[in-house]
Amino acid sequence: MPVAKEQDAKPVTVQARCVRLPAKAADAASLAPVIETHALSRGASDLLIEIRAAAVNPSDVKAATGLMPYAVFPRTPGRDYAGVVIDGPQGWIGREVFGSSGDLGIRRDGTHATHLVVEADAVVEKPGSISWEEAAGIGVPFVTAMEGLRRAGIPKAGETVLVMGVNGKVGQAAVQIASWHGARVIGVVRKAEPYEGHSNSEVEVIDASVTDVASRVRELTDGKGADIVFNTVGDPYFQAAHKSLALRGRQILIAAIDRIVQFNILEFYRGQHTYVGIDTLGLSSVATGAVLRELAPGFASGHLKPFPIKPNAVYGLEQAKAAFIAVAGSSRDRVILRPA
């Protein structure tokens, strides 16, 4: 693989092998990805990265099946990545990096390839303790969780954060970030199961199938309620989240099944509540990189941990369709493409 020397002024050109989606499909089973070779070289402020691992996210599947009308075709999908810089401004070559984006793989060619061109300001140094696959799996879930908590106000020590859908990947990331900052975390699950992820303190779990969530939250908080509700599910938990909020509480919303909900406006304004909507597809690569840099100290210190990657959840580029089908099937595993 060609690698530029520091003194070379002319950008390197590589023949990248890329997963290509020629057109939108009716569903994941109807996807017909192909592998194509495309010449890639960087611009003056860009990096050329040799990708070692790239994640497959639910948003990749949604875009591929026409649920995002602004997704362009044909294109290379993929938002998350980890790899080695092989060409860039002085000081960059050889650095191990990872990143994510709201536009990569959706409005421009993305990460499901052997190489990627991205802005230098978009990448974050990969901690040496994290594998390529783990680093590639950080992106969308942790950026979504962090952006939600940034917008709602990073929880303080002693505050209570209620996470609806706590065992989903965004839910687990929200638990990690909230507990890293000293918040008390309560999780909600839809059936009897423990919390599955990493946390910096105990996570109390409420089984929504047998317990009234809002009543239980009031019991656990001596009647106060939750300072922040991170609702990763959307409308099925909207009322329970609304009823669980403390005075001046904030509900973060990132998903919807049915788009229209009803809520008590009187309770909303008398409770001085705030609703925060998060769509990381609206974040550029550079904006996403800024969020990841806020998280980097947590991964370096061990307060934040990447999701474990199972060997059977790692696919080659030629197996991209199978990887997409696995994600479409609501797999709880973090699904990864490994180009090599």
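Scope of this entry: the structure provided in the associated data block. (Residues numbered from 1 in each chain as written. Predicted model: local features only at pLDDT ≥ 70, side-chain atom pairs only at ≥ 80, totals over all residues. Heavy atoms only, no water.)

1. Regarding the sheet that holds strand β9 (residues 184-189)
Next, step 1: Read across the sheet, six strands follow the order β10-β9-β8-β11-β12-β13 without closing on themselves; strand pairing throughout is parallel. Strands with a single pairing partner mark the edges of an open sheet, and in this sheet they are β10 (203-207) and β13 (274-277). Within this sheet the neighbouring strands show an average axis-to-axis angle of 20°, counted without direction.
Next, step 2: Here strand β11 (residues 226-231) runs beside strand β12 (residues 245-253); their pairing, made up of five bridges, is parallel. Pairing of Phe 230 across the sheet is with Ile 252, part of β12.
Next, step 3: The sheet contacts of helix α3 (residues 139-152) involve β11, β12 and β13, and relative to β11 the element is tilted by about 145°.
Next, step 4: In the packing of helix α4 (residues 169-180) onto the sheet, contacts are made with β8 (160-164), β9, β10 and β11, and the angle to β8 comes to roughly 170°. (Pairing = 2+ DSSP bridges. Helix = DSSP H or I, 4+ residues; strand = E, 2+ residues; numbered from the N terminus. Axes fitted to C-alpha atoms, helices over the stretch in contact; angles between N-to-C directions. Contact = heavy atoms within 4.5 Å.)

2. Details of the side chain of Thr 76
Next, step 1: Looking at the secondary structure, you find Thr 76 in the loop between α1 (58-64) and β4 (81-87).
Next, step 2: Residue Thr 76 is classed as buried on the basis of its relative accessible area, which comes to 1%.
Next, step 3: One polar contact links Thr 76 to Arg 20, side chain to side chain, over a distance of 3.1 Å.
Next, step 4: Ignoring anything within four residues of it in the chain, the contact list for Thr 76 reads Cys 18, Val 19, Arg 20, Gly 105, Arg 108, Asp 109, Gly 110, His 112 and Ala 113. (Buried < 20%, exposed > 50% of the residue type's maximum accessible area, 1.4 Å probe, protein only. Polar contact = N/O pair within 3.5 Å; in protein donor to acceptor, adjacent residues only side chain to side chain.)

3. Here's the deal with the nonpolar core
Next, step 1: Phe 142, Val 163, Ile 177, Phe 230, Ile 252 and Leu 295 are the most contacted members of the largest nonpolar core, which totals 45 residues.
Next, step 2: Leave out the neighbours within four places in its chain, and Ile 177 touches Phe 142, Ala 145, Met 146, Leu 149, Leu 295 and Leu 304.
Next, step 3: Ranked by size, the runner-up nonpolar core spans 16 residues in total, among them Ala 25, Leu 317, Ala 323 and Leu 337. (Core = buried A, V, L, I, M, F, W, Y, C linked by side-chain atoms within 4.5 Å.)

4. A word on the packing of aromatic side chains
Next, step 1: A full pass over the atoms with the stated rule returns seven aromatic pairs.
Next, step 2: With 5.9 Å between their ring centres and 70° between their planes, Phe 238 and Phe 263 make a pair best called edge-to-face. Of this pair, Phe 238 sits in helix α6 (residues 238-244) while Phe 263 sits in the loop between β12 and α7 (265-270); the two residues are 25 residues apart in sequence, bridging distant segments of the chain.
Next, step 3: For the ring pair Phe 238 and Tyr 275, a centre distance of 5.5 Å and an interplane angle of 70° mean the geometry is edge-to-face. In this pair, Phe 238 is assigned in helix α6 and Tyr 275 in strand β13, connecting sequence segments 37 residues apart. (Phe/Tyr/Trp six-rings, centres within 6.5 Å; stacked < 30°, edge-to-face > 60°.)

5. Examining the packing of α3 against helix α8 (residues 285-301)
Next, step 1: One way to put it is that α3 packs onto α8 with a least axis distance of 10 Å and a crossing angle of 95°. The angle between α3 and α8 falls in the class roughly perpendicular. Two secondary-structure elements touch here, α3 through Phe 142, Val 143, Met 146, Glu 147 and Arg 150 and α8 through Thr 288, Val 291, Leu 292, Glu 294, Leu 295 and Phe 299.
Next, step 2: Split by residue class, the contact of α3 with α8 holds seven nonpolar, one polar and three charged. (Parallel < 35°, antiparallel > 145°, perpendicular 65-115°, else oblique. Nonpolar A, V, L, I, M, F, W, Y, C, P; charged D, E, K, R; others polar.)

6. Here's the deal with α3
Next, step 1: Taking 1.5 Å as the rise per residue, α3 with 14 residues should run 20 Å; its terminal C-alpha atoms sit 20 Å apart, in good agreement.
Next, step 2: Most of α3 sits out of view: 12 of its 14 residues are buried.
Next, step 3: When we look at burial in α3, the residues that qualify are Gly 139, Val 140, Pro 141, Phe 142, Val 143, Thr 144, Ala 145, Met 146, Glu 147, Gly 148, Leu 149 and Ala 152.
Next, step 4: Those residues of α3 that are buried are in contact with α2 (132-136), α4, β11, β12, β13 and α8.
Next, step 5: In the segment just after α3, Gly 153 is the residue with positive phi, at about 110°. (Expected span 1.5 Å × (residues − 1).)

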